[in-house]
Structures are given as C-alpha cells and as structure tokens.
Amino acid sequence: MLFLENIRMAVTSLKANKTRAFLTMLGIIIGISSVIAIMTVGNSLSASLSDSMQSMGANNVEVYITRKTPEIDEKENGIVFGTVDRSKKITEDDLITDEMITNLLKDFEDSIEAISATEDVESSVVKSGTESASVSVMGVSQGYFVANNVKLKAGSQISASDASGARNVCMVSDQLVDDLYDGDYEATVGRQISMEALNQTLTFTVVGVYEYHKTQMESMLVGSGSSGTNLYIPLTTAKRLTHSRNYAYFDVVGKTGVDPDRLASKVKTYLQGYYRSNAYLTVDTFSMATMVESMTTMMGTITLAISIIAGIALLVGGIGVMNIMLVSITERTREIGTRKALGATNGSIRIQFITEAMIICLIGGAIGVGLGIVMGAVAAKALGYAASPSIGSIIGSLVFSLAIGVFFGYYPANKAAKMNPIEALRYE
Amino acid sequence: MNQTGEMQKKILQLQDIHKAFYIGKPNELEILHGISMDVFDGQFVSVVGASGSGKTTLMNLIGLLDRPTSGKYLIEDIDVEDATDDELSYIRNQKIGFVFQTYNLVAKTNALKNVELPMLYAGMPAGERRERAEYLLELVGMSDRMKHMPEELSGGQKQRVAIARSLANDPTIVLADEPTGALDSKTGRVVMDLFHKLNKEQGKTVILITHSTELAEETERIVTISDGLITGERGGSNHVIS
C-alpha cells in the first residue's frame, strides 16, 4: 500500500481525536524531552569543562592550606578553590614557606615544570587623562605565566632579575592599553603608571603587554560586570608591599606526560610532612583533571538516572500508545471490515495501524525534542554554560520514538489485521 | 443485448455449496445445505429470503468474505477454494463491488476519497484514481458533493457514494445487501433506479440480496432461499437454456 496514503490516513484519524492523541503522546513527550534536556546540559557542561581545562591547564595542580578535618574525604573536597578561612587566625607561620617550595621543586624536578605562586595586593584604578581602567594588582612568580598560558603582545615578561631585585615593574593587559592608550602596545612598554593602593601611590614601569582572555571560570565567578584586568608585578615586589612572606596556596605545573592526579597526591603527601605537628592545618591538593573526572562521573550518574526515568516514561508512554490503538481499532472495527471487503489485505491493514502508532510517537518525539532543547538551554543557562544540544541524541530520540511506535503499535495493528471481515462488518 | 443466448457467459458458478458453523462442536450448525446456481454476465438477480434463511451467509460466500464448508465456487472460472487470504482480498478488490445496508463509508473521509479507496488498494496512481472517482460520483449524481464528509450526507446520498465506490475497479459483479433497508421508500426508489440504470446502461451484473419480494419482483431473475436451500427460481433460467 502506498506509504503517503497511510500517513495521510493516520493524520486524518489523529485529527479526529486531537485531545486523545495529545494525551497519548504525553508519555513519549516527557520521556524524550527529559533525555534531550539532560543530554543538552551534559553536552554544555563538557564543552565548558574542556574550555576551562584549556584556559587553566589540565596539568595544573593546585596546592593549598586547609583545615584538618578528619571526616573530610579528599574526593568530596574536590571543588575548593584554595582559599583559607581567615577567621580562624591562621598566622604567617602556618603558611607554606619559600623553603618548602624550594625543597619541593628540588625533590620533584623530574615531574614539575614550574611553580606558580601569586600574591593579591589590592584592586585599584589607573588613570590616563579622562580615561580610567580598574586593575587588580597581583604579584606573580615566573611559573605563573607558564601555568596560565599567558601570551605576550608587546615587550617582555617579568624577568628573573626583576623578581630577585623586587623591582617596581609590571605587565598590563591589552584591554587596559586599548582603554587608556589607544591600543598602542609598543609605546606603552616603558611607560610609568601610577595608582593608589595600600594607602600609598605605587608607580610601576610597564615591561610587557599580555593578551587578556576572560575565561569561562572568571565569567562564572565574577559575573558579567567588568572588574578590570590583572596588573602583574613580580611576586617579590608584592610580598614586599604586603609585608608577607609565605603562601596560602600556589599552583604546580606538571611536566608533559606526568599524570596530574598522581602528581597531586605525591605533592600532597610530601607537603603534609611539614604539617604533621600542626594542630589544625594541613595541605591539600586539587587538580583540574580530578575535577573534570569527578564532574564527568557525576554527569554520567545523573545521565544514567535520568535515562532510566526517561526509559520508564517511554515504556509507560508506549503502553499508552498501545492502549489507545486498541481502543481505536475497536472503535473502527466496522471501518476495518469495510476496508477488507473493499480489498485491503491483512498486511495493508497492519501497516495502516502501525503507521498510525508511529505517527503518534514521532509527533510526540518531535514535541519532546523541542521541549527538551528549551529545557536543556534554560538549565544550561542557569548553570552558566552555553547551551549546545547534541545532534546525535536528537536524531537518536526521533528514531527511538519511531521504534516505540512500531513495537507498541504492532500488537493492536496485528489484531486489526486478523479481524474476521464478516464479524467486523457487523460490529455494532 | 446480452440476453441473446449464446453470448451468455457464466461469471459465477456455485455447485452444492454447504456452510456450517461451529464445526466439530456440540452446537454445530449447518446454514446452507447445498446451494447450486449460476449467474450470467449482465444479469440483475435478486436473492430473496426471510431472515434466517441463509441469504446473508450466501452473500458472504459470494462476496468471498467467507469460505464454504464444502462445494465448489468459481468466479469467472477461477476456483477460489485454495486461494490464500491475500488472493481473496485481491479478487474482492477487482471483481466484487459491495453495497451494504448501512453504507459503511469510512468516517472523516470525504466522498471522493471513499470512492478512491478500492483503487488505492488496487495500487492505482493518484491522478487516475481521482479522475475515475470523479467520473463515478458524477454517474451516481453526486458530483456536487464530492468533498463532503459522510457525516454531512443524507442516507440516500451516502448509499449513492457507496454505489460509486462499489464500481471503482469495474468489478465483475455488484453485490448489494439490502441496499434500501435503511432508506425511506422515496430514496429507496432512487437507489433501486440507480441499480437498474447500471444494469441496463453499463451492463453491470447486480446481485441484490433482500427480504422484500416487492423489490425482487423488479429484477429479471429471482432466486428464493429458504432454510438454506433454493426453493424457487424465476426468470433467469430461461435465457440460460438457449
């Protein structure tokens, strides 16, 4: 029998019972939309994670001081960003010293590429004529540029001699140059810039201009408001200004080919040795790779759970389709008898009703996909990721809907096909 | 015309047809006890009988909706005894045009599409189908209501659409089961006139199943059935023996 005619007949019959058709589709709609929504969120999350990994560096291991709490499981502790609760009087002596870092570097020289330590000085404003740009003054070690993949646009990086001499030099972002000095990067190098910070006027000589990237992580944490860019000064200069010696946290950049997870645990064990006698503090580590891994595992679990729920919804939906098809063929017994008298074979009756079930499921599936994309986009937006629906799962869902139609439509359709034409014609 | 004797062609042959239900069960019931009759091309035959006489069972057998328990049935010299279900569907589609008492138009489907249905099952291309359906509806005087749904038609109009549908694949016989049973006498008259017209002008073989001797009197040949046997024959046999 003609394919298009079957579809036309199915649509005609569905139009005759619109509400019933829609209610029948609900199960399919719920099932498919939840699958698509979770796939969209999952997809967005992994896209954003790989973005973050690129900007943060997958090989980086963060080391930070943390409170000794025996019940803290290191896996659950995965998403602490190395800040220490300062209310509990952590003294300078509790922090990680230069000596510890030097020893760490010496003992792990085979696996550590660089150490990136920072010291936040203060946020301030740089002025030039009527223009102004806000900056966060931040002392950084040499390793920082490696760890954060900082790219130069003009001039040079803060050098080792700048660091050892604790000189008043700085690196500014291209954005700041764009805002204040009309984007003339070369001319900015060598310029003296001043700002008010730490109750004094600080003056630095610009040695380099770096390329600024707003990372995914920054836009998540800081929000959309412009809080300015970093102004990098040598770590030693920053320490001098803040009168601090030690570190609450720093980053370790692993050498290529070194497993960040293993490096993280080794570094942790090594540094915890220094804190054995400390009553309430110790050192913990965190690697991007661990975070990605734990988030992937979490997503996998959520996806599985929702897939099971969606699977149940689809099963129930399919049974609903089967049920309504059984009702439909009973209602249309006379029609089936008539069609048979007019020359319809059992096969063409069967195909007619399977097509009808497939159309119900396909429409339900399509509505579900549309709804799922919307729900997924809303959820992804709420979580701060760019929505990216998965094309594969959309096609997969539609094919699966059709399969449900065939599977649950077969039994009623076969029942219709096997009707005795005489009894069917006489059915009241 | 076709009543000249030697031109007569047997299109249906029923030989000692028996039909029983609930075979092998205690309530086994034989409805037809051996029916033999031939129908010739171009005849207008009525099969008359009271309810319970077996005329509906006979119609189902002639219409290939059912198979006889024993006996031979040939339609245009094709023995249908060993035909598969699909072959029976094909023969019904090509050789038999049904007209039912209750019209049996497919709901939510307009007159045109209803008439197209047998051609659809015959696999005729859409354009050709439509053209023929329009022609047939015109033939039965329904050309102004082609796009109407069955729900929007009166009983007599529905039956005329059904008659147009029965002619869709130019069948060997039109099998009409109490076609005026649900109509008032006036519209019933219109429908009967249509059958006469089809028989006379198109040379269609028509078998009319009815309980009404009055209607049967109109046809050229009357076969009376009672208790599963032919008890009377009038008309038709004359021009068989030639």
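Residues numbered from 1 in each chain as written. Chains lettered and ligands numbered in written order. Predicted model: local features only at pLDDT ≥ 70, side-chain atom pairs only at ≥ 80, totals over all residues. Heavy atoms only, no water.

This part covers the overall build of chain A. Helix and strand counts for chain A stand at 15 helices and ten strands. The buried share of chain A, taken over its 428 residues, is 47%. The contacts of chain A with a sequence gap of at least 6 include a subset with a gap of at least 24, amounting to 79%. By element, 59% of the accessible surface of chain A is carried by carbon and sulfur atoms, the whole surface being about 20,600 Å². (Helix = DSSP H or I, 4+ residues; strand = E, 2+ residues; numbered from the N terminus. Buried < 20%, exposed > 50% of the residue type's maximum accessible area, 1.4 Å probe, protein only. Contact = heavy atoms within 4.5 Å. Areas by Shrake-Rupley, 256 points an atom, 1.4 Å probe, with all protein chains shown as cover.)

On to the overall build of chain B. In terms of helices and strands, chain B carries seven helices and ten strands. Against the 2.2 N^0.38 benchmark of 18 Å for 242 residues, chain B shows a C-alpha radius of gyration of 18 Å, consistent with a compact globule. Each principal axis of the C-alpha atoms in chain B carries an extent, and together these give about 50 × 40 × 35 Å. For chain B, buried positions account for 54% of its 242 residues. Looking at chain B alone, contacts between residues at least 24 apart form 70% of all its contacts between residues at least 6 apart. Total accessible area on chain B stands at roughly 10,700 Å², and carbon and sulfur atoms take up 49% of it. (Rg over C-alpha atoms; globule rule 2.2 N^0.38 Å.)

It is worth spelling out the sheet that holds strand β4 (residues 70-75) of chain B at this point. All names here are of chain B. Read across the sheet, four strands follow the order β2-β1-β4-β5 without closing on themselves; strand pairing throughout is antiparallel. Both edges of this open sheet fall to β2 (29-40) and β5 (78-79), since each of them pairs with a single strand only. The pairing of strand β1 (residues 10-21) with β2 spans nine bridges and is classified as antiparallel. Counted as the bridge partner of glutamine 13 is aspartate 38 from β2. Running at roughly 125 degrees to β1, helix α1 (residues 55-62) makes contact with β1, β2 and β4 of the sheet. (Pairing = 2+ DSSP bridges. Axes fitted to C-alpha atoms, helices over the stretch in contact; angles between N-to-C directions.)

We now examine a nonpolar patch on the surface. Residues and elements named next belong to chain A. On the surface, Phe22, Leu23, Leu26, Ile30, Ile363 and Ile367 cluster together to form a nonpolar patch covering roughly 500 Å² of accessible area. Put simply, the parts of the chain that give the nonpolar patch at least two residues each are α2 (18-56) and α13 (346-382). Take the nonpolar patch: its biggest share by element is four residues, from α2. You can see isoleucine 30 is positioned in helix α2. (Patch = residues over 30% accessible without salt bridge, like charges linked within 9 Å, V, L, I, M, F, W, Y side chains within 5 Å. Salt bridge = Lys/Arg side-chain N within 4 Å of Asp/Glu carboxyl O.)

Residues and elements named next belong to chain B. Following the criterion strictly, the structure yields 25 salt bridges over all chains and no others. A salt bridge links lysine 19 to aspartate 66, with the nearest nitrogen and oxygen atoms 3.3 Å apart. With a gap of 47 residues between them, lysine 19 in strand β1 and aspartate 66 in the loop between α1 and β4 connect regions that are remote in the sequence. For arginine 189, the salt bridge is made with glutamate 218, and the minimal N-O distance between the two is 2.5 Å. In this pair, arginine 189 is assigned in helix α6 (residues 185-201) and glutamate 218 in the loop between α7 (213-216) and β9 (221-226), connecting sequence segments 29 residues apart. Judged by relative accessible area, arginine 189 falls into the partly exposed class, the value being 35%. With a relative accessible area of 29%, glutamate 218 lands in the partly exposed category.

Okay, the sheet that holds β9 of chain B next. All names here are of chain B. The strand order across the open sheet built from six strands is β6-β7-β8-β3-β9-β10, with neighbouring strands paired in mixed fashion. Single-partner strands in this sheet number two, and they are β6 (96-99) and β10 (229-234). With strand direction ignored, the average angle separating the axes of adjacent strands in the sheet is 20 degrees. Where β9 and β10 come together, five bridges link them in antiparallel fashion. Residue pairing for β10: isoleucine 225 is matched across the bridge by isoleucine 230. Most of the contacts of helix α5 (residues 155-166) go to β6, to which it runs at about 170 degrees, and overall it touches β6 and β7 (173-177).

With that out of the way, let us pick up helix α2 (residues 85-95) of chain B. An α-helical turn contains 3.6 residues, so any two residues separated by three or four positions project in the same direction. Within α2 of chain B the residues assigned to the buried category are Leu88, Ser89, Ile91, Arg92, Asn93 and Lys95 of chain B. Among the structural elements, α12 (333-341) of chain A together with β4, β5, β6, α3 (111-121) and β7 of chain B are those in contact with the buried residues of α2 of chain B.

Further remarks concern empty space enclosed by the protein. Residues and elements named next belong to chain B. Tallying each qualifying case throughout the model produces one cavity of 30 Å³ or more. Considering only enclosed or pocket space, the largest cavity measures out at about 60 Å³ in volume. Lining the largest cavity are 13 residues, and of these Ile96, Gly97, Pro118, Arg165 and Ser166 sit closest to its centre. Sorting the residues of the lining of the largest cavity by element identifies α2, β6 and α5 as the ones contributing at least two each. Broken down by element, the residue count for the lining of the largest cavity peaks at three residues, all from β6. Grouping the amino acids of the lining of the largest cavity by side-chain chemistry returns seven nonpolar, four polar and two charged. (1 Å grid on protein atoms, 1.4 Å probe; cavity = no way out; pocket = protein on both sides within 12 Å on 5 of 7 lines; lining within 4 Å. Points joined across faces, edges and corners; volume = space filled by probe spheres on them. Nonpolar A, V, L, I, M, F, W, Y, C, P; charged D, E, K, R; others polar.)

Residue and element names in this part refer to chain A. The element strand β8 (residues 229-234) is extensively covered by neighbouring structure, given that six of its six residues are classed as buried. Taken together, the six bridges between strand β3 (residues 131-140) and β8 define a ladder with parallel strand orientation. Each residue of the ladder has a partner; that of valine 140, found in β8, is proline 234.

Within the largest apolar cluster, 36 residues are counted, with the highest numbers of intra-cluster contacts made by Ile28, Val321, Ile336, Ile349, Phe353 and Ile360 of chain A. Where this core is concerned, the elements lending two or more residues are α1 (3-16), α2, α11 (288-331), α13 and α14 (391-417) of chain A together with α3 of chain B. Examining the composition of this core, we find that eight residues originate from one element, α13 of chain A, more than from any other. When neighbours within four sequence positions are excluded, phenylalanine 353 of chain A is seen to be in contact with Met325, Ile329, Arg332, Ile336, Ala413 and Ala416 of chain A. (Core = buried A, V, L, I, M, F, W, Y, C linked by side-chain atoms within 4.5 Å.)

This brings us to the interface of chain B and chain A. Counting residues at the interface gives 23 residues for chain B and 23 residues for chain A. Between chain B and chain A lies a buried interface of about 2,100 Å² when both sides are counted; carbon and sulfur atoms form 61% of it. When the area that chain B buries against chain A is broken down by residue, the three leading residues are Leu65, Leu120 and Tyr121 of chain B, summing to 29%. Across the chain B-chain A interface, the total number found is one salt bridge. Of the residues contributing to the side of chain B that touches chain A, the split by class is nine nonpolar, six polar and eight charged. (Buried area = accessible area lost by both parts, 1.4 Å probe.)

Moving on, we get to a negative patch on the surface. Negative charge collects at one region of the surface, where Glu131, Asp178, Asp179, Asp182, Asp184 and Glu186 of chain A lie side by side. Inspection of the secondary structure puts aspartate 184 of chain A in the loop between α6 (174-180) and α7 (185-188). (Lys, Arg positive; Asp, Glu negative; His and termini not counted. Charge placed at Lys NZ, Arg CZ, Asp CG, Glu CD.)

Residues and elements named next belong to chain A. In this structure, methionine 39 sits in helix α2. The partly exposed category is assigned to methionine 39, whose relative accessible area is 30%. With 268 residues separating them along the chain, methionine 39 and serine 307 place their C-alpha atoms 9.6 Å apart.

Residue and element names in this part refer to chain A. Mean pLDDT for chain A: 84, with 90% of residues reaching 70 or above. Model confidence for chain A, summarised as mean pLDDT per element, is weakest for helix α8 (residues 216-222) at 52 and strongest for α12 at 95. In this model residues 71-75 is a low-confidence stretch, pLDDT under 50, and it forms two contacts with partners more than four residues away in sequence or in other chains. Between residues 78-86, whose pLDDT stays under 50, and residues either more than four places distant or in other chains, the model counts twelve contacts. (pLDDT = per-residue confidence, 0-100.)

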